[in-house]
Each structure stands twice: as C-alpha cells, then as structure tokens.
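# Structural features, examined
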There are 2 protein chains.
Amino acid sequence: MAYELYYWPTIQGRGEFVRLALEAAGARYRDVAREGGKGAGVAEMLRLMNGRNAARPPFAPPFLRSGRLLIGQTANILQFLGPRHGLAPKDEGGRIWTHQLQLTMADFLVEIHDTHHPVSGNLYFEEQKKEARRRSADFLKTRAPKFLGYFERVLSRNARTDRYLVGAALTYADLSMFQIISGLCYAFPRAMAKTARAYRRLFALRARVQERPRICAYLASPRRVPFSNEGIFRHYSELDGRA
Amino acid sequence: MAYELYYWPTIQGRGEFVRLALEAAGARYRDVAREGGKGAGVAEMLRLMNGRNAARPPFAPPFLRSGRLLIGQTANILQFLGPRHGLAPKDEGGRIWTHQLQLTMADFLVEIHDTHHPVSGNLYFEEQKKEARRRSADFLKTRAPKFLGYFERVLSRNARTDRYLVGAALTYADLSMFQIISGLCYAFPRAMAKTARAYRRLFALRARVQERPRICAYLASPRRVPFSNEGIFRHYSELDGRA
C-alpha cells in the first residue's frame, strides 16, 4: 500500500525532508495535496488536521499516512520510515543517534527560517526587514558556524567513514543534511561560498547524495518543488553578508 | 545502574523536562552538573560534548547517560525513558503519537524562548527589547492561542479521557505540558490569567500533575531549580500584554 504524504503543494518546506527519504527508498507514495483538482488535496489535508473527527490531529503539515497510522512532525516521520527502508541503522544506539542528529537539524532549520521572519510568520518580510538584518548577521556570524561546525565534526568523528553521518551507509540524516546545505547555498550564496573549505565534508556529502541515481532522477523531475522565496530557505541579498 | 543527567546546573531549561520524567518514574539518577565541587560536573559535561574522544557528541545539553548510551535532544531522551518507566503507551501508534506531541511542544518552546530573545541568544534582553516587544505581542495574539488551543483540543479529543493527553494514563507528554503551562504562568501572568477558562483542560492537567505525590515532593525539594529570568520562561512585565 502506498504512503500518503500531506504537505503544502507549492513549497519544499519541511515536507521536502520526507519526500527525499521516500524518493531515496524508492517507496510508493502519493503527494496528496499536489494531486488532481486544484485545492482538493489541500482540502483533504486540512480536513485531517481540523476535522471534528480527527482523534489525533497533527498540529501542522507534513504528515504521513501509513495504513491506519497518521504520523506528524518531520523527525517523527523519518524515524518511522528509516528502519522500514534501510535508511537508519538497525541497532538501538544507532537509531537513537540518527534521530538525535535529525532533531538537531530541526533546531537549525527553525533558526534558518527565522533569519527572514524574526518577529512573526504572520507578517511579510518587508514588515520585519530591520529585525531580519540583525538576526541574519548574528546567524551568519555565530549560529550557522556552530551548527555546521558541529555536523562537520560528526562526519569527521564517525569511526566507520566520514562519507556518512552515521555508520557506513546512507541514512535519512544524510538526506536531510543534503537539503540543508543546498538550501543554505540558495539562501546565502555569498556567505556559503566562503565556507566550502571549512566544511568540506558537508559539501562532499551534499554532492554524494545529489549523485545517487534515485535522488538525481527525483531532483530533475517535476516532483521536486523548486527553491523559492516562499519556503524556509529564502534569498534576500541584503541578508547574505558582505560581498 | 543510575542514569546520569547532564544539564546546566542553575536553570530549569530543557533539562527540566527530563528531570520531571525521571522524578515521576521514581528513577535513580545523578544530576551530574549540580553535584560536588563547583564546576567539576559542568567540566565533565563539556568534556562529553567537546572532548576529542567523543564519538557521538551531543550538540547541547541536556543529555542522558544510560549504560553505554549517551542520548541527546530532550524529546529523544523522553522517548527513550517513556517505555522503560511506564510513561508512554506500549503500542506503536501510541508511542509515535506521544512523541509527536512532545515534538510539537519543543516547537512551542522555541517560540516561547524567542519572545525575549528574537534577535540572538548571544545578546542581552536589553539589547533586543524593542524586537522582543513586537515578537511577544504577536506570540500572545496568534502563536500561544494556536498551540494552546491545539493541545486543549488534543485533550478533548482523547477517546479514553480528557484527563491525559494520550490514552488513559500519565505519559511524559503530560509532564512536559505541566512544565509549559507553569512556565507560561510565570512568564506571562497577566496574559495567562485571562486564558484559564479557554484552556480549562490544560490548567486542570497542570494541577493534576502537580498533585502527584512524587512530583509534589520533587517540586518542594532542592532538586527543583526555581524559575528565573535566566531560563526559557522569563518574566518581563513589558512583554506580558495589557493589564
């Protein structure tokens, strides 16, 4: 039976982390909100969240239906999919560690988003541009190096290989890291260009994931929503540090 | 063998969510950074994070040692402890749902923290007071109602009882919800006083958790770090809406 993924149809957002795992696994899935008549899939998604009969309503997309289970929260979904599709280690310690890395990426992602929306997601960027400049400057100076330095260290400390974050094979954490590095390069091309040497393992990981046949095919397909200034990673030149 | 909890010794912070679970379970644990000679525990904590030998270093406290496992990320720790101490359902769907709620609380917690630090955790509150006023106003108007309304709905939709978030018994998610409601009442006493009726199930849950013998004893003990303006929940009168 195919999985059903529910996510906003026009942005990558957090749904993309789930899509990448499903695609890398070659799993059958429906991307429900992007299907069929305009808005029908979105209406179904909102019904699952807000309907009176929803016993365990998700707070927000993405969520995944697998048989009778309806699973929300990106990291929770990936933790569910990982062992089922060979995208997580089999031992308990390895599974916990993979999830831990994913949760740290989730924290990073909030900070990435808030560079352009430090006051409120309900206001336009233009209404919080001044605050966004302050927050982005701090992000590029202190927060991005802290997170990226950490993940670079995780790669270098992996006793099996520095080609993957966990153990000797691809996990969903690597797929998510690909998306984060790609997104940061979209949002902050100037700042990221300067860091390629400091984070060479992370950049190599990104390239390695991108070259995997299934991921490569996915990225070239219409199933991949392009980056845009509606998503988590947005490019505003004035937030991208000095030239 | 006793668990070892590692967290900053002078604040509740995210460590408190783990402490509450350990205390409710009556589990044996050491709160390492609060023990013994001043600073020795903190030094040990930093060594585990930053030491050259750390194969799987946590990004930040809290983290928990259980035998050979070193587990970071609050929700990850709780997910580990839950089934071992009767603080999570036994079935897969129930465990996934409990974790999903915990992750949504983690998202809420970031937004609570950022009311007083919308620009950077590296700057003092006084250096971002203007931004904090804007962000807090939006938080109280749109974000807190969205999250609290959601969790109130989760209680009301629980087919077993509206006394707990999941199933018919206490889980770690209830303990975390107790901490969040308590913290919001500390940080935003005026704004929260107005909401007691709208979120009566959440307030009742908070009281119910607080009255459990082990939690009651814990809260009265020196093991409970008090709320303060160094933690996630901070009280600044100017951020607390209108009188």
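Because the structure is a prediction, the values reported are computed rather than measured.

A few words now on the overall build of chain A. From N to C terminus, chain A includes nine helices and four strands. Counting from the amino terminus, helix and strand elements in chain A follow one another as β-α-β-α-β-β-α-α-α-α-α-α-α. Computed over the C-alpha atoms, the radius of gyration of chain A is 18 Å, within 12% of the 18 Å expected from 2.2 N^0.38 for a compact globule of 243 residues. By principal-axis analysis of the C-alpha atoms, chain A measures approximately 50 × 50 × 30 Å. Taking all 243 residues of chain A together, 48% fall into the buried category. At a minimum sequence separation of 6, the contacts of chain A that also span at least 24 residues come to 67%.

A word on unusual backbone geometry. Here the bond from Pro61(A) into Pro62(A) is cis, since omega is 0 degrees, no more than 30 degrees from zero. Looking at where Pro62(A) falls in the secondary structure, it is placed in the loop between α2 (40–50) and β3 (63–66). Within the chain, Gln73(B) stands out as a residue other than glycine whose phi angle is a positive 75 degrees. Among the secondary structure elements, Gln73(B) is positioned in the loop between β4 (69–72) and α3 (74–84). Its 26 C-beta neighbours within 10 Å are what place Gln73(B) among the buried residues.

In the superposition of chain A on chain B (RMSD 0.0 Å, axial shift 0.0 Å), the rotation amounts to 180 degrees. Such a combination of turn and shift is consistent with a two-fold rotation axis. Identified as the residue of chain A closest to the rotation axis by C-alpha distance is Pro118(A), at 3.0 Å. Most of the interface of chain A is mirrored in chain B, where 100% of its interface residues are also at the interface.

What follows deals with the domain arrangement of chain A. Residue and element names in this part refer to chain A. Domain boundaries assigned for chain A yield domain 1 (3–84) and domain 2 (92–212 + 231–239). Averaged C-alpha coordinates put domain 1 and domain 2 at centres separated by 23 Å. Contacts between domain 1 and domain 2 engage 15 residues on the former and 14 residues on the latter. Elements represented by at least two residues in the side of domain 1 that touches domain 2 include exactly α1 (15–25) and α3 (74–84).

This paragraph deals with the interface of chain A and chain B. Tallying the contact residues gives 33 residues for chain A and 33 residues for chain B. For the side of chain A that touches chain B, the per-class residue count stands at 16 nonpolar, 10 polar and seven charged.

Residues and elements named next belong to chain B. Strand order in this open sheet of four strands is β2-β1-β3-β4, and the pairing throughout is mixed. Pairing within the sheet leaves two strands with one partner each, and these edge strands are β2 (29–31) and β4. For this sheet, the mean angle separating the axes of adjacent strands, direction not counted, is 20 degrees. Two elements, strand β1 (residues 3–6) and strand β3 (residues 63–66), share three bridges in a ladder whose sense is antiparallel. For Leu 5, the partnering residue across the bridge sits in β3 and is Leu 64.

Residue pairs three or four apart in sequence face the same way in an α-helix, which turns once every 3.6 residues. For helix α5 (residues 129–157) of chain B, built from 29 residues, the straight-helix expectation of 42 Å at 1.5 Å per residue is met to within 8% by its first-to-last C-alpha distance of 39 Å. Residue Phe139(B) marks the point of greatest curvature in α5(B), where the axis turns by about 50 degrees.

What follows covers the sheet that holds strand β4 (residues 69–72) of chain A. All names here are of chain A. What the four strands build is an open sheet, ordered β2-β1-β3-β4; its pairing is mixed. This sheet does not close on itself; its edge strands, each paired only once, are β2 (29–31) and β4. Going across the sheet, the axis of each strand differs from the next one's by a mean of 20 degrees, ignoring polarity.

Our next topic: the nonpolar core. Ranked by size, the top nonpolar core spans 128 residues in total, and within it Leu5(A), Ala21(A), Met177(A), Leu5(B), Ala21(B) and Met177(B) carry the most contacts. With sequence-adjacent residues up to four places away left out, Ala21(B) is seen in contact with Leu78(B), Leu81(B), Leu87(B), Tyr172(B) and Leu175(B).

Scoring rules and cut-offs
- Residues numbered from 1 in each chain as written.
- Chains lettered and ligands numbered in written order.
- Predicted model: local features only at pLDDT ≥ 70, side-chain atom pairs only at ≥ 80, totals over all residues.
- Helix = DSSP H or I, 4+ residues; strand = E, 2+ residues; numbered from the N terminus.
- Rg over C-alpha atoms; globule rule 2.2 N^0.38 Å.
- Buried ≥ 20, exposed ≤ 12 C-beta atoms within 10 Å, placed from the backbone.
- Contact = placed C-beta atoms within 7 Å.
- Least-squares fit on C-alpha atoms with pLDDT ≥ 70 in both.
- Domains from an automatic or database assignment.
- Nonpolar A, V, L, I, M, F, W, Y, C, P; charged D, E, K, R; others polar.
- Pairing = 2+ DSSP bridges.
- Axes fitted to C-alpha atoms, helices over the stretch in contact; angles between N-to-C directions.
- Expected span 1.5 Å × (residues − 1).
- Bend = angle between axes of the 7 residues up to and from the residue.
- Core = buried A, V, L, I, M, F, W, Y, C linked by C-beta atoms within 7 Å.

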